[in-house]
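Commentary on secondary and tertiary structure
Below, each chain spelled out in residue letters.
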Protein chains: 2
Amino acid sequence: MNAYTTARIALPPQPTHPNRQVGFGSAPVQPLSFFAAGSEIYAQGEKAGAFYQIEFGAVRIYRLLADGRRQISAFHLAGETFGFEADTTHHFFAEAINATAVRTFRVAAGVDMSRQLLPLALKGLSRAQEHLLVLGCQNAIERVAAFLIDMADRQGGLRQVELPMSRMDIGDYLGLTIETVSRVFTKLKEKGVIRLVNLRCVEIVRQDALRDMSE
Amino acid sequence: MNAYTTARIALPPQPTHPNRQVGFGSAPVQPLSFFAAGSEIYAQGEKAGAFYQIEFGAVRIYRLLADGRRQISAFHLAGETFGFEADTTHHFFAEAINATAVRTFRVAAGVDMSRQLLPLALKGLSRAQEHLLVLGCQNAIERVAAFLIDMADRQGGLRQVELPMSRMDIGDYLGLTIETVSRVFTKLKEKGVIRLVNLRCVEIVRQDALRDMSE
DNA sequence: CGTATCATTGAAACGTGTCAAGAATAGTGG
DNA sequence: CCACTATTCTTGACACGTTTCAATGATACG
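Here the residue index of a chain counts from 1 through its sequence in written order. Labels are handed out in written order, letters beginning with A for the chains and numbers beginning with 1 for the ligands. For a predicted model such as this one, the threshold for reporting local features is a pLDDT of at least 70, and the threshold for listing and counting side-chain atom pairs is 80 or more; totals across whole chains, interfaces and linings nevertheless cover every residue. In computing side-chain properties, one takes all heavy atoms of the structure into account and sets aside hydrogens as well as water.

Residue and element names in this part refer to chain A. For Phe, Tyr and Trp, rings pair up if their centres lie within 6.5 Å, where Trp contributes its six-membered ring, and each pair is then called stacked (planes under 30 degrees apart), edge-to-face (over 60) or tilted (otherwise). As enumerated under the stated definition, the model contains 18 aromatic pairs over all chains in all. Among the aromatic residues, ring-to-ring pairing joins Y42, Y52 and F82 into one connected group. If you follow R167 out to its NZ or CZ, it ends over the ring of F185, 4.5 Å from the centre. Over a ring means this: the NZ of a Lys or the CZ of an Arg is within 6 Å of the ring centre and within 35 degrees of the ring normal.

If you want it as structure tokens, here you go:
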């Protein structure tokens, strides 16, 4: 058992269904599936064959190395889509970060979804490549800055940015330790670039400065 | 002018055409285009709208940061396909590493290529995500080991692996400096895991050991 | 209110980067 | 074909950034 599988519940709309078969099979209506914070949406090695759109909440997509190191390849927020694979098998884990609802779209055998999936795949590819640039070239400050800018943009460019994930998640996404992430937040705060409204909410005080830092 | 744009020629089959319009427009036949070592196939910001299959040679796909740092997001070898984008614009540079010939497939306006492109996009996504794991979690030795294993697998799993790219290219791909790449090669050599046949050719002496290292 | 979890901060260790020199390789012209 | 030159690669010493380890502080939960 590891820290990522804790599943606590206390949710918005409906009671949560840890059972992730909810909504599968009944093709036309695509009902919602609910996931508690930390619960698994799918696992590496499982059979793929559906994609998921987030109604509310947030999801982390990750892989594990044999020794437990974790790389989060993407976060997905409300409105975004994830879960399609090159293979018929999932190569990643998907977990709800918070209380999350997803709409599941099963791909029926024999039905060609290329037209719908290609833009999603290309979007994912584009994001992954952007992330490669960050991990391959940038130092801790630049990585955190890029992350905050990205989160802000995806939340409509508001000054207040919600961070649904923990420092550990951010670290595993950016290839840094939680201590380094924490130190960078402190440094950005000291420079007056951001303000920590609370642990999970950042106010971007000087967006220009942050953008400069992110490259 | 930078080191990456040197274009020297002395080629296999036909005379090289530095003009990369060769083969475009003439839809049905898809003739070959030739590129000298270091020459550009397309640039960031250019209009996209085609994809390319490598007949022979090797290609690097990369982005640049404002200060000149370069992230190579992928290498492509003979038989592989690259060049499609989420957007109508290229977000990357593509350069021939060596003397290279590519077959260009123009996507005519209004024609739906989703069915053909989706598997390619998913393959690219899968590769990018694998690479993310390497850059996000692994140290220098693990990165180089993973790189060599990948190159070996893509060349049919032979003991002798050709490395068409320079140490600088490898470094920019793995998020390391050329010095670190060089030191890791030396260390792997000392451990008897690889043998440097010459600068651009590695013999994998103990594949098991290398695979262990790559994770 | 007490306890577990998560985040911050500090000091020291480690790995990789930087800078500089020398060796090997490839390309050029006699 | 050989020597000359430019480029690329290797190696070493040192600097720097990030990680590790450990302790303290803040926050969420029962």
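Once the structure has been displayed, the description carries forward.
What follows deals with the interface of chain A and chain B. Here, residues are in contact when the closest pair of their heavy atoms is within 4.5 Å. Contact with chain A, which involves 35 residues of that partner, is made by 35 residues of chain B. In short, buried area is how much 1.4 Å probe accessible area vanishes from two parts on joining, totalled over both. Between chain A and chain B, the buried area comes to about 3400 Å², and carbon and sulfur atoms account for 68% of it. It is L65, L132 and L133 of chain A in chain A that bury the most area against chain B; as a group they hold 17% of the surface buried on that side. The working definition used for a salt bridge is a side-chain nitrogen of Lys or Arg within 4 Å of a carboxyl oxygen of Asp or Glu. Summed over the shared surface of chain A and chain B, the result is six salt bridges. Salt-bridge contacts for R63 of chain A lead to E130 of chain B; the nearest nitrogen and oxygen are separated by 2.5 Å. Within 3.5 Å is the distance limit for a polar contact, defined as a pair of N or O atoms, with the added protein rule that one can donate a hydrogen and the other accept it, and that residues adjacent in sequence qualify only through two side-chain atoms. Where chain A packs against chain B, one counts 12 residue pairs in polar contact (both at pLDDT 80 or more). Within the residue set of the side of chain A that touches chain B, elements represented by two or more residues are β5 (70-77) and α1 (114-137) of chain A. Of all the elements, α1 of chain A adds the most residues to the side of chain A that touches chain B, at 19 residues. Numbering goes from the N terminus for both helices and strands, where a helix is a DSSP run of H or I of at least four residues and a strand is a run of E of at least two.

Residues and elements named next belong to chain B. Strand order across the open sheet formed by three strands is β9-β11-β10, with antiparallel pairing between neighbours. Lying at the two open borders of the sheet, with one neighbouring strand each, are β9 (160-162) and β10 (194-198). Between one strand and the next, the sheet's axes are offset by a mean angle of 30°, whatever the strand orientation. In this scheme, strands are said to pair when DSSP sees at least two bridges between them. As judged from the four bridges shared by β10 and strand β11 (residues 201-204), these two strands associate in the antiparallel manner. Looking across to β11, one finds that N198 is bridged to C201. The sheet strands contacting helix α4 (residues 178-190) are β10 and β11, and the helix crosses β10 at an angle near 115°. Here, axes are lines fitted to C-alpha atoms. For helices the fit covers the stretch in contact, and angles between N-to-C directions go from 0 to 180 degrees.

All names here are of chain B. With respect to the helices and strands, the residue R106 is situated in strand β8 (residues 100-106). When the C-alpha atoms of R106 and F51 are compared, they prove to be 6.5 Å apart, with 55 residues separating the residues in sequence. In this structure the side chain of R106 is engaged in a polar contact, spanning 2.9 Å, whose partner is the backbone oxygen of G49.

Attention shifts here to the sheet that holds strand β11 (residues 201-204) of chain A. Residue and element names in this part refer to chain A. Read from one edge to the other, the open sheet built from three strands follows the order β9-β11-β10, with strand pairing classed as antiparallel. The open sheet has two edge strands with one neighbour each: β9 (160-162) and β10 (194-198). Ignoring which end each strand starts from, the neighbouring axes of this sheet average 30° apart. By the bridge criterion, three bridges tie β9 to β11 in an arrangement that is antiparallel. Along β11, the bridge assignment pairs E162 with C201. Where helix α4 (residues 178-190) meets the sheet, its contacts fall on β10 and β11, and the angle it forms with β10 comes to roughly 115°.

Below, the discussion takes up the protein's contact with DNA strand C. In the vicinity of DNA strand C there are 19 residues, among which S182 and T186 of chain A together with A140, T180 and R183 of chain B approach most closely. Atoms of DNA strand C within 4 Å of the protein: sugar and phosphate make up 66%, bases the balance. Interatomic distance of 2.8 Å between a side-chain N/O atom of S182 of chain A and a phosphate oxygen of DNA strand C. Within the contact set of DNA strand C, a base nitrogen lies 3.1 Å away from a side-chain nitrogen or oxygen of E179 of chain B. Contributing elements (two or more residues each) for the surface near DNA strand C: α3 (167-174) and α4 of chain A together with α4 of chain B. Looking at which element gives the most residues to the surface near DNA strand C, the answer is α4 of chain A, with four residues. When residues are grouped by polarity, Ala, Val, Leu, Ile, Met, Phe, Trp, Tyr, Cys and Pro land in nonpolar, Asp, Glu, Lys and Arg in charged, and all others, Gly among them, in polar. Taken together, the residues of the surface near DNA strand C break down into six nonpolar, seven polar and six charged. Residues are labelled near a given molecule or strand when at least one of their non-hydrogen atoms is within 4 Å of it.

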